[in-house]
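# Commentary on secondary and tertiary structure
If you want the building blocks of each chain, they are given just below.
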Amino acid sequence: MKRIILSTFLLIVAIAVQAQSITVHGTVVSATDSEPLIGASVISDVKGANGAATDIDGNFIMTVPEGSNLTVSYIGFKPKTVKAQPEMTIILEEDTETLDEVVVVGYSSEKKSDLTGSVSVVKMKDVADTPTGNVIQSLQGRVAGMTITTDGTPGGLSTGTSIRGASSFRGDANGPLYVIDGVMTRENPGTILSSNDVESIQVLKDAASASIYGAQAANGVIIITTKRAKSGEARVTFDATLTMQTYNSGLDLLDSYQWGEVYWSAYKYAHNGATPSSAVYGNGATPVLQTYKNLNGVDVLPQSTDWEKEIHRTALMQTYSVGLSKGAENGSSSLSLSWLNHDGIVKGSDFQRINTRFSSDYGFLGNRLKAGGNIAVNWWKAHYMPDGAEENAVKQHPAKAVYDADGVYVDQINDILGDAPNMMRLINNNKSNNHEYWRVFGNAYLQIEPIKNLIVKTNFGVNYYNETNKTFEPKWLRDDVNKLTQSTAKNVDWVWTNTAQYNIDLGKNSIMALAGVESKKYHNESFFGYGTGLEIEDPNYIYLGNVTANKNVGAGASNYSMFSGFGKLNYTYDNKYLASFTIRRDASSRLSKDHNYDWFPSFSAGWRISQESFMESTSSWLSDLKIRGSWGINGNDLIDNEAFYAKYLMSLDRGSYNMNGDGTTLSPGAFRIRTTNPDLKWEKTYQTNFGIDAGFLNNRLTVSIDYFHKETKDMLVEKPYIATIGEGGYCWYNGGEMVNRGFEGQITWRTNVNRDFSYEVGFNFTLQKNEVTDLLDDIYYSYGGGYAGHSLVGQSLGSWMGFKTDGVFRSQEEVDEYCNRYQVEFGHPAVGRVKYVDADGDGKINYNDRTWLGCDLPKAQFGLNLAANWKGFDLSMFFTSIIRDAFNNSKYYTDLFQCWNGNHGTRLLDAAKAYDNYLLTGYYNCDTPAPTTDNNNNEHEVSEFHIENGSFLRMKTLTVGYSLPASLRSKLKLSNARIYLQAQNLFTITNYSGADPEGLGYPYALPRQYTVGIQFGF
């Protein structure tokens, strides 16, 4: 009977519970575009009730007690609490502050609103579809205060980065520190990770934000965080691009027939109307191309070679990336695989790379214990452009053919052909040269929260890098001995970081305290071998074991270590008053044992004025207003790992001894190559920063402006020495000071016009000035190309020393007046020649008139991004601009016939005609010097003739994309699906007459690119 009563009671209870519960069928969408939100969290306010996450269509189903409330949240959107109903659609609004709320700033994360330092956050969605081998390359022009130099080298391996100017005289010591998932490195990011693996990038620019990294942060810090799976998320993604690259020459060069015309004119100018005699052009009244002999005696038929077209090609770049990720409440893991195949526009150059990355994070004991890590295994292989290929394509004589009549490479150098090597021969040789690399890069961490708000973390990172190189030079017409060099190198770089972080929230007072210790070690081993005389030049035979003569081997090793302790304290009061203090102590093995450690402090403060009560009347239009300031010190020890030590080299040819006295038998000995400096200490950079951040109209308009002053003292230099010092004259010293100062800013406007249309305008600028303020006494007038009375002090680093000019002489009367006015000790004034200025005003034209002419450092940089979305279509245009002067060294070849036997520019055709007209009219009407074969006016010297306005405006990217509508994606079970077209370097507006105003000199040419790409995920 009791059993019957109990069963009846339980049935009644179950029926009552069922009657009081409802099943909710809901959909969560975005208020901006009504698109479903996938993976949104739905939680009931009833204790013990189950939660739910939305599916691919934004839908969820859950059973909850009747009358309960549901709280719906999604990253980047304002959470919303609603009453549970059987059928419901929940609309979430974007939270513009939350979207960019958390910023990684070094060993910790902070709210962006609480930052007191200068930090730029890169939105990866703006650059994710830019095909490149190096994610840093895609940031060019997008971050205020950050200068990125790049060219067309496959894989982006030549990309250089500087933040707020150079802080050192040493070019290799001006790059930033990269921190990838907590692992510090100065390696090229393009060889570590794929762009598709990157979740976010933070650029730490001032001392307050970067000084937590102490001696490694003088040039700024770039923090890269890779993608992680999100809780409740299971995704498969695929991205692919196909890019066509085309070569565009900025130079108009002579063909072989035009070259002959200019040659005849130049010879007549210098030899009173006489005509030359040439094995290539004959000796008649006009030039006529002749058959000439190659070095092997075989005929080279008359022809005209466009060497720029010969060495360049239209090339393809392909990228493919697959990502798998799955996240649960207590753990997540992700795996990615990417492939890059980048053929360069210089024939024979290419780059292939495979990236694999696995990451995982797991929580235990209610997430009070966490463990995880990343591991990336990368392989890449490259064939590089031969040294000087771009320059030799410009200066190579057009009458020099690629092949002679027998198909042998032409390397004739006699008569007027010049001595530039046949670049097609060198490119073909490069096919046998192998450069192959492996890298293992990753970290593992363990994090414990022993008591509430105290987080103790240990993180161990490793960077293992192995390379093998083979360079083979076959026999050729000028050298019948082939040569082979092979080398290997191994680098192991590890860092172990231990931190403890404690957060206290006491009402209006908020404190974050961080303390840590860090140890890092670098070890390198290398080996090389060289030999000549391989009997067979077959690729399968080209190994060191087969050389027959001049065998030479060598090996070496290098070590570097650093030990550091650091601490940070952040304080916030009432979300208005902000302060931060950081200090770090670093000890480096590269410096004197008595000075190898130092302290690097920083302090910053901020005031969120918009939170004050007296600002309430502005809340309708002023969303946020913060002023901030900072001061701090960073260090730099990027010098030779053995810089402090006296070094000796064992050598037979330079340190040999005649031990037996017979005068014929020598024994190798040691000689000193560097002297120690017991006083060698840290190079330090002192930085001051003042900034203002503001948001208007519900943060649709945001503005951030900074002023910075960056001064480097006690620079580490290996100065030149006079010969009388003798053996071991090289020594590292502290000496020299330099200042960078300027303004930088970012202005962004973004708005949703309606549910179908939104747009964004972003503009950034940098105004910057560099100045050398002190040098060591014994190089005060010599460092940087100066001479007595003309020190580099007071000038910008890299300034040019040369002659000021005033155009060219237009008439004989002008020449006579000039010669009567000045005592000419330099140059030879004549019609059509460059006119030098008496810069020192002593009435003489001589070397004392050389003065500082400026430099090519950017005076101002700008970036402009325009983006719009309409229904499923998206459009973006990005422009970049630099204001600067430029030293156009290609003018040495193009405009000065007398300086070089190789090719020249078509401007000389106009100059030749102008001189012919002068003979008739008495007036030379051309800005280009008249062609001549006599350089008695010294026009090869550095002068204002070579300096031009190097400013430019370039459309960097133009992208048009289309995403499938949500209804169709739902049917296809896709979370996203997009196809896009992109053009890079589409056009450039400039007055610069060289090849490219962005890449001065002769770098690997920057191609124009056309890309089609697809992105989709499940």
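Reading the values: rules and limits
Residues numbered from 1 in each chain as written. Predicted model: local features only at pLDDT ≥ 70, side-chain atom pairs only at ≥ 80, totals over all residues. Heavy atoms only, no water. Pairing = 2+ DSSP bridges. Helix = DSSP H or I, 4+ residues; strand = E, 2+ residues; numbered from the N terminus. Expected span 1.5 Å × (residues − 1). Buried < 20%, exposed > 50% of the residue type's maximum accessible area, 1.4 Å probe, protein only. Polar contact = N/O pair within 3.5 Å; in protein donor to acceptor, adjacent residues only side chain to side chain. Core = buried A, V, L, I, M, F, W, Y, C linked by side-chain atoms within 4.5 Å. Contact = heavy atoms within 4.5 Å. Phe/Tyr/Trp six-rings, centres within 6.5 Å; stacked < 30°, edge-to-face > 60°. Lys NZ or Arg CZ within 6 Å of the ring centre and 35° of its normal. Axes fitted to C-alpha atoms, helices over the stretch in contact; angles between N-to-C directions. pLDDT = per-residue confidence, 0-100. Disulfide = S-S within 2.5 Å. Parallel < 35°, antiparallel > 145°, perpendicular 65-115°, else oblique. Left-handed = near helix turned anticlockwise from the far one by under 90°. Nonpolar A, V, L, I, M, F, W, Y, C, P; charged D, E, K, R; others polar. Salt bridge = Lys/Arg side-chain N within 4 Å of Asp/Glu carboxyl O.

## Observations concerning the pairing of strand β17 (residues 234-246)
Pairing analysis gives twelve bridges linking β17 to strand β20 (residues 315-328), with the strands arranged antiparallel. Bridge assignment links Q245 to a residue of β20, and that residue is A315.

## Details of helix α4 (residues 256-270)
Over its 15 residues, α4 extends 21 Å from the first C-alpha to the last, a length consistent with the 21 Å expected when each residue adds 1.5 Å. Three or more residues of α4 are buried, namely S256, W259, G260, V262, Y263, W264, S265, A266 and Y269. Its side-chain oxygen at 3.1 Å from the backbone nitrogen of Y257, D255 defines the N-terminal cap of α4. Just downstream of α4, N272 is the residue with a positive phi angle, here 50°.

## Looking at the nonpolar core
Counting residues in each nonpolar core, the largest one holds 42 residues, and the members touching the most others are V280, Y281 and Y924. Sorting the residues of this core by element identifies α4, α8 (812-821), β43 (834-836) and α10 (907-921) as the ones contributing at least two each. Excluding anything up to four places from it in sequence, Y924 contacts V808, F809, R810, V831, G832, A911, A914, Y915, Y918, P929 and A930. Judged by nonpolar contacts, the second largest core, of 37 residues, contains V122, M146, I148 and L193.

## Observations concerning the side chain of N469
The topology assignment puts N469 in strand β25 (residues 454-473). At 2.7 Å, the side chain of N469 forms a polar contact with the side chain of H435. Of the polar contacts made by the side chain of N469, one reaches the side chain of E467; its length is 2.8 Å. In contact with N469, other than residues within four places in its own chain, are N434, H435, Y437, T485, Q486 and S487.

## Things to note about the pairing of β25
Along any regular strand, the residues point their side chains to alternate faces of the sheet. Across 15 bridges, strand β24 (residues 434-448) lies against β25 in antiparallel orientation. By the bridge assignment, V440 is partnered in β25 with Y464. Between β24 and β25, which pair antiparallel and follow one another directly, the connecting turn spans five residues, one of which, N453, has a positive phi of 75°. Note: β25 against strand β26 (residues 483-506), 20 bridges, orientation antiparallel.

## Considering the packing of aromatic side chains
For the structure on display, the rule yields 41 aromatic pairs. Among the aromatic residues, those joined into a cluster by ring pairs are W259, Y263, W264, Y267, Y281 and F897. Sitting over the ring of Y597, R585 keeps its end group 4.1 Å from the ring centre. The ring of F952 carries R954 above its face, with NZ or CZ at 5.8 Å from the centroid.

## As for the sheet that holds strand β14 (residues 183-185)
Within a sheet, adjacent strands bond to each other through the backbone by hydrogen bonds, running parallel or antiparallel. Pairing in this open sheet of five strands is mixed, and the strands run β10-β15-β16-β13-β14 from one edge to the other. One side of each edge strand has no neighbouring strand; the edge strands of this open sheet are β10 (119-122) and β14. Across this sheet, the average inter-strand angle for adjacent strands is 20°, counted without regard to direction. Inspection of the sheet shows β10 paired to strand β15 (residues 198-204) by four bridges, in the antiparallel sense. In the strand pairing of β15, V121 is matched with Q202.

## Focus on unusual backbone geometry
In this model, D415 sits at a positive phi of 55°, which is unusual for a non-glycine residue. Assignment of secondary structure puts D415 in the loop between α6 (389-395) and α7 (423-430). Taking the relative accessible area as the measure of exposure, D415 reaches 34% and is therefore partly exposed. One non-glycine residue, L697, lies in positive phi territory at about 55°. As for its placement among the helices and strands, L697 is situated in the loop between β34 (683-696) and β35 (701-713).

## Focus on the confidence of the model for the protein chain
When pLDDT is averaged across the protein chain, the result is 88; 93% of the residues are at 70 or more. In the model of the protein chain, helix α1 (residues 2-20) stands out as the element of lowest mean pLDDT, 45, in contrast to β43, which has the highest, 97. Note that residues 1-19 has pLDDT below 50 and, in this model, one contact with residues that lie over four places away or in other chains.

## Digging into the sheet that holds strand β2 (residues 41-44)
Strands sit in the order β3-β2-β5-β6 across an open sheet of four strands; the sheet is antiparallel. Of all strands in the sheet, those bounded by a partner on one side alone are β3 (52-53) and β6 (80-83). The pairing of β2 with strand β5 (residues 69-73) spans four bridges and is antiparallel. Paired with S44 across the strands is L70, a residue of β5.

## Description of the state of the cysteines
By the definition in use, this model includes zero disulfides. C926 provides the cysteine sulfur closest to C899, a residue in no disulfide bond, and the two sulfurs are 16 Å apart. On the basis of relative accessibility, which here comes to 14%, the residue C899 falls in the buried class.

## Some points on the packing of α4 against α10
Here α4 crosses α10 at 40°, and the two axes come no closer than 10 Å. Overall, the two elements α4 and α10 adopt an arrangement that is oblique. Seen along the crossing, α4 lies across α10 with a hand that is left-handed. Contacts between α4 and α10 pair Q258, E261, V262, S265 and Y269 from the former with L908, L909, A912 and Y915 from the latter. Of the residues contributing to the contact of α4 with α10, the split by class is six nonpolar, two polar and one charged.

## Quick notes on the pattern of salt bridges
Tallying each qualifying case throughout the model produces 36 salt bridges. Put simply, R425 and D411 hold a salt bridge, and the shortest N to O gap is 3.0 Å. Taken as a pair, R425 in helix α7 and D411 in the loop between α6 and α7 lie far apart in primary sequence, 14 residues in all. On the basis of relative accessibility, which here comes to 1%, the residue D411 falls in the buried class.

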